[in-house]
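Listed below, chain by chain, are the residues.
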Amino acid sequence: MDPNALPFDAEAILAGLRNWVEVESPTFDAAAVNRMMDAASRDLALLGARIERVPGRMGFGDCVRARFPQPALGGGVDGPGILLMSHLDTVHPVGTGGASGPLAFRREGDKAWGPGICDMKGGAYIAMDAVRAILEAGACTKLPVTILLTSDEEVGSPSTRDLIEAEAKRHKVVLIPEPARANGGVVSGRYAIARFALESRGRPSHAGARLSEGRSAIREMAKQILAIEAMTTEDATCSVGVIHAGQWVNCVPMLCQAESLSMAKRQQDLDALVERMLALKPTDPDVGFTVRRTYTRPVWEADGKVLALHALAERIATGVGIPALPHESSGGGSDGNFTGALGIPTLDGLGVQGAGPHTLDEHILVSSLVPRAKLLAGLLMQIDG
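Numbering of residues starts from 1 in each chain and follows the order in which that chain's sequence is written. Selection of residues for local features in this predicted model requires a pLDDT of at least 70, selection of side-chain atom pairs for listing and counting requires 80 or more, and totals for whole chains, interfaces and linings are taken over all residues. Based on all heavy atoms of the structure, the side-chain values leave hydrogens and waters out of the count.

**Considering the environment of A10**
Helix and strand definitions follow DSSP, with helices as H or I runs of at least four residues and strands as E runs of at least two, each counted in order from the N terminus. Summarising the element assignment, A10 is placed in helix α1 (residues 10-21). A C-alpha to C-alpha distance of 26 Å links A10 and L309, two positions 299 residues apart in sequence. We call two residues in contact whenever any of their non-hydrogen atoms come within 4.5 Å of each other. Apart from residues lying up to four places away in sequence, A10 is in contact with L369 and V370.

In structure tokens:
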């Protein structure tokens with residue numbers, strides 16, 4: 001069936017998406033994430049999906065796997081199919097989107113704002129709506145469809161990587177509705193990523209009466225941060241985004257902890273950067289400094305199967321009013337790093353258009369909702385493995 005013949009309505013999509021956005025779900029608040037999973041589970045159950053709740057671990061929220069019974073989708077075909085994969089955790093603390101919050105849901109013309117509306121509740125919602133439209137039209141897909149919703153992508157997917165990889169291996173194709181690129185394009189590869197835990201240890205003293213007797217852990221961390229960020233080149237980047245230290249201003253701090261992120265276009269560049277990070281030493285013999293590698297995302301590079309999947313998406317895009325659908329390898333990792341690195345054909349960046357993810361200006365373009373939903377529906381109906 002032509003995706004243009006499917007029953008899509010931008011206002012109805014936005015109303016449903018608003019419900020999701022207003023269930024705030026920051027990664028580190030497992031109870032909040034689980035409330036979001038409850039809301040999504042109900043919407044998927046209304047479509048006839050068989051819902052499986054996968055308990056969270058490591059302090060993170062649950063995941064949801066939704067399967068659609070045959071022959072509703074897949075034309076009665078059994079076996080490996082299409083995995084639609086999204087995360088429903090966000091970076092915005094609870095209250096950011098409250099009635100008086102700085103990112104409360106609002107719409108002005110073609111823009112709509114809200115926490116996680118672009119990254120990536122908008123994409124997750126239109127993926128579900130694409131399934132709804134196919135079912136309501138009595139159309140079918142050539143392969144079975146599974147939706148996997150995860151809870152910790154924004155912090156590197158430490159508790160869900162095994163689930164993501166295991167589920168992906170049971171499918172032929174993975175589609176990920178992360179936000180579209182600024183030019184409306186999609187993602188056919190992702191840079192390699194490594195995260196690090198940094199810790200400096202000093203010597204406490206009274207900052208007023210005996211300052212010279214102390215050795216500041218903050219001072220040591222400050223020196224190390226400058227050295228780390230100076231490692232950034234065109235091939236690989238380093239940044240420090242989290243710092244915790246100190247409790248009383250009149251005490252020389254003995255402990256400072258931080259987190260660093262490194263990203264590279266090629267795996268070998270990241271590997272070289274990791275070696276440099278792990279080789280960092282204290283700048284003062286009276287203080288300690290350690291670096292521990294935590295979570296990683298492998299590089300994902302496009303192959304012939306990914307390019308063929310993109311070519312299909314490009315043809316569908318032309319038919320649903322999307323003027324161009326370029327593809328690119330992108331920084332800012334996603335769970336596509338895992339599935340793509342496994343060699344499973346993966347297409348990412350299929351979600352809504354917008355801007356300002358992870359900021360108080362996070363918004364979507366309402367006009368992109370229906371065309372991007374049609375693109376996803378077209379892929380679901382035409383992919384045959």
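Read on for the rest.
**As for the sheet that holds strand β11 (residues 255-264)**
Strands are labelled as partners when DSSP assigns at least two bridges between them. In spatial order, the strands read β10-β11-β9-β12; together these four strands make up an open sheet with antiparallel pairing. Each end of this open sheet is capped by a strand with a single partner; those strands are β10 (236-245) and β12 (288-297). The average angle at which neighbouring strand axes cross in this sheet is 20 degrees, direction not considered. Note on definitions: angles span 0 to 180 degrees between N-to-C directions of axes, and those axes are lines fitted to C-alpha atoms, for helices only across the stretch in contact. The sheet strands contacting helix α5 (residues 217-229) are β9 (192-201), β10, β11 and β12, and the helix crosses β10 at an angle near 165 degrees.

**Concerning the pattern of salt bridges**
In the sections that follow, a salt bridge refers to a side-chain nitrogen of Lys or Arg positioned within 4 Å of a carboxyl oxygen of Asp or Glu. Tallied over the full model, the rule gives 21 salt bridges. Salt-bridge contacts for D129 lead to R132; the nearest nitrogen and oxygen are separated by 2.7 Å. One end of the pair is D129 and the other is R132, both in helix α3 (residues 117-136) and three residues apart, which spans about a single turn. Classification of residues uses two cut-offs on accessible area relative to the type maximum, computed with a 1.4 Å probe and protein chains only: under 20% is buried, over 50% is exposed, and between them is partly exposed. The class for R132 is buried, based on a relative accessible area of 16%. Residue E136 pairs with R132 through a salt bridge whose shortest N-O separation is 2.9 Å. With E136 and R132 both in helix α3, this residue pair falls four residues apart, about one helical turn. On the basis of relative accessibility, which here comes to 55%, the residue E136 falls in the exposed class. If you follow the salt bridges from partner to partner, you end up with E52, R65, R67, E167 and R170 in one network.

**A short note on the packing of aromatic side chains**
Side-chain rings of Phe, Tyr and Trp (the six-membered ring for Trp) are treated as a pair once their centres are within 6.5 Å; stacked means planes under 30 degrees apart, edge-to-face means over 60, and tilted covers the remaining angles. Across all of its chains, the model carries two aromatic pairs by this definition. Here W20 and Y125 contribute two aromatic rings whose centre-to-centre distance is 5.0 Å and whose plane-to-plane angle is 85 degrees, an arrangement assigned as edge-to-face. Taken as a pair, W20 in helix α1 and Y125 in helix α3 lie far apart in primary sequence, 105 residues in all. Owing to a relative accessible area of 10%, Y125 belongs among the buried residues under this scheme. To sit over a ring, a charge needs its Lys NZ or Arg CZ within 6 Å of the ring centre and within 35 degrees of the ring normal. The cationic tip of R106 hangs over the ring face of W113; the distance from NZ or CZ to the ring centre is 3.9 Å.

**A look at the environment of G138**
Positionally, G138 belongs in the loop between α3 and β6 (145-150). Residue G138 is classed as exposed on the basis of its relative accessible area, which comes to 64%. Through-space distance from the C-alpha of G138 to that of P69 is 14 Å; in sequence the pair is 69 residues apart.

**Thoughts on helix α2 (residues 30-46)**
Since the α-helix packs 3.6 residues into each turn, any two residues three or four apart lie on the same face. One less than the number of residues in a helix, times 1.5 Å, gives the span that helix is expected to have. Here α2 contains 17 residues, and its C-alpha end-to-end distance of 24 Å stays within 8% of the 24 Å for a straight helix at 1.5 Å per residue. Three or more residues of α2 are buried, namely A32, V33, N34, M36, M37, A40, S41 and L44. On the buried face of α2, the contacting elements are α1, β1 (50-54), β2 (63-67), α3 and β6. Count one or two residues on from α2 and you reach G48, which has phi positive near 95 degrees.

**Comments concerning α1**
With 12 residues, α1 extends 16 Å from end C-alpha to end C-alpha; this agrees with the ideal 16 Å at 1.5 Å per step. What α1 keeps buried is the set I13, L14, G16, L17, W20 and V21. One side of α1 carries all its buried residues, which in axial view fall inside an arc of 165 degrees. Its buried side turned inward, α1 meets α2, β4 (106-108), β5 (111-113), α3, β16 (363-365) and α9 (369-382). For α1, the N-terminal cap is D9; the gap from its side-chain oxygen to the backbone nitrogen of E11 is 3.2 Å. The arc refers to the directions leading from the helix axis to the C-beta atoms. Each polar contact in these results corresponds to two N or O atoms within 3.5 Å; when the atoms are within protein, one needs to be able to donate a hydrogen and the other to accept it, and residues that are neighboring in sequence are counted only if both atoms are side-chain atoms.

**Looking at the nonpolar core**
L84, L175, I364, L375, L379, L380 and I383 are the most contacted members of the largest nonpolar core, which totals 64 residues. Counting residues per element, this core draws most heavily on α3, at 11 residues. Not counting the four nearest positions on each side in its chain, L379 is found in contact with I82, L175, L312, A313, I316 and L350. Nine residue types can take part in a nonpolar core, namely buried Ala, Val, Leu, Ile, Met, Phe, Trp, Tyr and Cys, and a core is a set of them joined through side-chain atoms within 4.5 Å.

**Things to note about the sheet that holds strand β14 (residues 346-347)**
Pairing in this open sheet of six strands is mixed, and the strands run β1-β2-β6-β3-β7-β14 from one edge to the other. The open sheet has two edge strands with one neighbour each: β1 and β14. In this structure, β1 lies alongside β2, joined through five bridges in antiparallel fashion. Each residue of the ladder has a partner; that of R50, found in β2, is R67. Relative to β1, α2 is tilted by about 165 degrees, and along the sheet it contacts β1, β2 and β6.

**A short note on the state of the cysteines**
The criterion for a disulfide is a pair of cysteine sulfur atoms lying within 2.5 Å. Overall, the coordinates contain zero disulfides when judged by the stated rule. In this structure C238 is not part of a disulfide, and its nearest cysteine sulfur, from C256, lies 17 Å away. Here C238 falls in the buried class, since its relative accessible area comes to 6%. This cysteine, C256, is not joined by any disulfide, and C251 carries the nearest cysteine sulfur, 15 Å off. For C256, a relative accessible area of 2% corresponds to the buried category.

Limitation: the analysis is restricted to geometry and does not speak to function.
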